[in-house]
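# What the coordinates show
Each chain is listed here by its residues.
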Amino acid sequence: QLARIQTDSVVEMLRELYPDLRFEIAVAMSTTGDKILDTALSKIGEKSLFTKELENALERNEVDLVVHSLKDLPTSLPPGFTIGAVCKRENPLDAVVFHPKNCGKTLSLLPEKSVIGTSSLRRAAQLKKKFPQLEFRDIRGNLNTRLKKLDEKEDFGAIILAAAGLKRMGWENRIGQLLSPEDCLYAVGQGALAVEVRAKDQEILNMVSALHDADTVLRCIAERAFMKRLEGGCSVPVAVSTVLKDGQLYLTGAVYSLDGSDSLKETMQTSVNYSQQTEDGPNDDAQRVGITAKNVSGQAQEAAENLGVELASLLLSKGAKHILSVARQLNDAH
């Protein structure tokens, strides 16, 4: 349902921009990530969990564009594909949805040993450290399924979900607490929608590039470059937060051990204050961490990408590789 709402919203924007074109939402597909519901995401070990089947349809020309949650897309796309648009970001924060009996509470006010449901190692690692009195347990399934599990059983005191998904589903009223970046840094790309297209399909690429939101593009390039340099995926706890203000891009990035006891966190900034000059030329269609943003300044994109790489390199120099490889081994062993 969420995937459908997200696709509809992108098609709606395209219809407004191109009233003469006919857009047909051809297929609703299930992906590997949707089908394997009895295993934690971090254990399935498949990089393009929610994207592979969709990319196959793109490759066979059955569809011309695919809408994803950007956080589901790996930092290196298969050859022949690119992210042709990154739409304006919805709130990227994580949200707590409480069991009806805990209505009006916050995480710190929950009874000791309350069980919190989350399928994200990143959320669990950060929150275990902050709320050692709580227990964290895996919960899978789409948003509807997870909310049902929360409401109809007594297994969970609360569950953690992305605020963006709840908002898009029209369930904002279920958000009991928004977790600030101080409480919980978010996932790379969280809250942003990506439109994936065939990299060589200039016509479609030109068409969807009108949907790019420049601020979101620069923030997400920095976040994805950080993740890529760390070689992080959903099997390790990597988290970020970005702010773009007065031409300055601030990136906070962190890595965690599975229980959150060991962590590294740093913030860096760079200027992205470049105007979109006529930068045509050989780099016109340069992909940066899988994103082709024709209408965003190439210099600004480069600065954002460098920021992500430099911040990751700083964490690596302080021992991030060790934290992540231990987290990966422990996760694989479970």
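Everything here concerns the structure above.
This text gives an overview of the structure that appears in the document. (Residues numbered from 1 in each chain as written. Predicted model: local features only at pLDDT ≥ 70, side-chain atom pairs only at ≥ 80, totals over all residues. Heavy atoms only, no water.)

### Focus: the pairing of strand β9 (residues 238–245)
Across a regular strand the side chains alternate sides, sitting on one face of the sheet and then on the other. Strand direction decides the pairing type here: β9 and strand β10 (residues 248–256), joined by 8 bridges, are antiparallel. Counted as the bridge partner of Val240 is Gly253 from β10. As consecutive antiparallel partners, β9 and β10 are separated by 2 residues, and within that stretch Asp246 has a phi angle of approximately 50°, a positive value. (Pairing = 2+ DSSP bridges. Helix = DSSP H or I, 4+ residues; strand = E, 2+ residues; numbered from the N terminus.)

### Digging into the sheet that holds strand β2 (residues 81–86)
A sheet is described by the order of its strands in space; here 3 strands give the open sequence β1-β8-β2, paired in antiparallel fashion. Edge positions in the sheet fall to β1 (66–69) and β2, since each of these pairs with one other strand and no more. The average angle at which neighbouring strand axes cross in this sheet is 40°, direction not considered. The sheet contact formed by β1 and strand β8 (residues 193–198) spans 4 bridges and is antiparallel. Each bridged residue has a counterpart across the sheet, and for Ser69 the counterpart in β8 is Leu193. Set on the sheet, helix α4 (residues 52–59) makes contact with β1, β2 and β8; between it and β8 the angle comes to about 40°. (Axes fitted to C-alpha atoms, helices over the stretch in contact; angles between N-to-C directions. Contact = heavy atoms within 4.5 Å.)

### Section: the pattern of salt bridges
Scanning the entire structure with this criterion turns up 16 salt bridges. Glu90 is the partner of Lys167 in a salt bridge, and the nearest nitrogen-oxygen pair spans 3.1 Å. Of this pair, Lys167 sits in helix α7 (residues 163–168) while Glu90 sits in the loop between β2 and β3 (94–98), placing them 77 residues apart in sequence. The exposure class of Lys167 is partly exposed, given its relative accessible area of 36%. (Salt bridge = Lys/Arg side-chain N within 4 Å of Asp/Glu carboxyl O. Buried < 20%, exposed > 50% of the residue type's maximum accessible area, 1.4 Å probe, protein only.)

### Description of the sheet that holds β10
With antiparallel pairing, the 3 strands of this open sheet are ordered in space as β9-β10-β11. A strand with exactly one partner marks an edge of an open sheet, and here the two such strands are β9 and β11 (263–271). Between one strand axis and the next, the sheet turns through 15° on average, direction left out of account. Bridge count between β10 and β11: 9 bridges; the pairing is antiparallel. What sits directly across from Thr252, in β11, is Thr267. Lying over the sheet, helix α11 (residues 320–333) contacts β9, β10 and β11, oriented at roughly 50° with respect to β10.

### Some remarks on the side chain of Thr75
Along the chain, Thr75 turns up in the loop between β1 and β2. Accessibility expressed as a relative area gives 14% for Thr75, which makes it buried. Sequence-distant contacts of Thr75, that is, excluding residues within four places in its chain, are made with Arg224, Met227, Lys228, Val289 and Gly290.

### Notes on the packing of helix α9 (residues 214–230) against helix α10 (residues 298–317)
Where α9 meets α10, the closest approach of the two axes is 7 Å, and the angle between their N-to-C directions is 35°. Here α9 runs over α10; the crossing is right-handed. Mapping the contact onto sequence places Leu218, Ile221, Ala222, Ala225, Phe226, Arg229 and Leu230 in α9 and Ala300, Gln301, Ala304, Glu305, Leu307, Gly308, Val309, Leu311, Ala312, Ser313, Leu315 and Leu316 in α10. Looking at the contact of α9 with α10 residue by residue, the classes come out as 14 nonpolar, 3 polar and 2 charged. (Left-handed = near helix turned anticlockwise from the far one by under 90°. Nonpolar A, V, L, I, M, F, W, Y, C, P; charged D, E, K, R; others polar.)

### Observations regarding the pairing of strand β6 (residues 158–162)
Counted residue by residue, β6 has 5 buried out of 5 residues, so it is predominantly covered. In this sheet, β6 lies alongside β3 in antiparallel orientation, the contact comprising 5 bridges. Across the sheet, Val96 pairs through a bridge with Ile160, a residue of β6. Sheet analysis places strand β4 (residues 115–117) next to β6, joined by 2 bridges and oriented parallel. Residue pairing across strands places Ile116 opposite Ala158, the latter belonging to β6.

### Focus on α11
Taking 1.5 Å as the rise per residue, α11 with 14 residues should run 20 Å; its terminal C-alpha atoms sit 20 Å apart, in good agreement. Listing the buried residues of α11 in full gives Ala320, Ile323, Leu324, Ala327 and Asn331. Looking straight down α11, one finds its buried side chains confined to an arc of 90°; they lie on one side. Away from its buried face, by an angle of more than 90 degrees, α11 presents the exposed residues Lys321, His322, Gln329, Asp332 and Ala333. (Expected span 1.5 Å × (residues − 1). Arc of directions from axis to C-beta.)

### A closer look at unusual backbone geometry
You will see that Asn61, though not glycine, has its phi angle at about 60°, which is positive. Its place among the elements puts Asn61 in the loop between α4 and β1. In this structure, Lys113 takes a positive phi of about 70° despite not being glycine. Tracing the backbone through its elements, the reader meets Lys113 in the loop between β3 and β4. Overall, the relative accessible area of 56% leaves Lys113 in the exposed class.

This is a description of form; function is not addressed.
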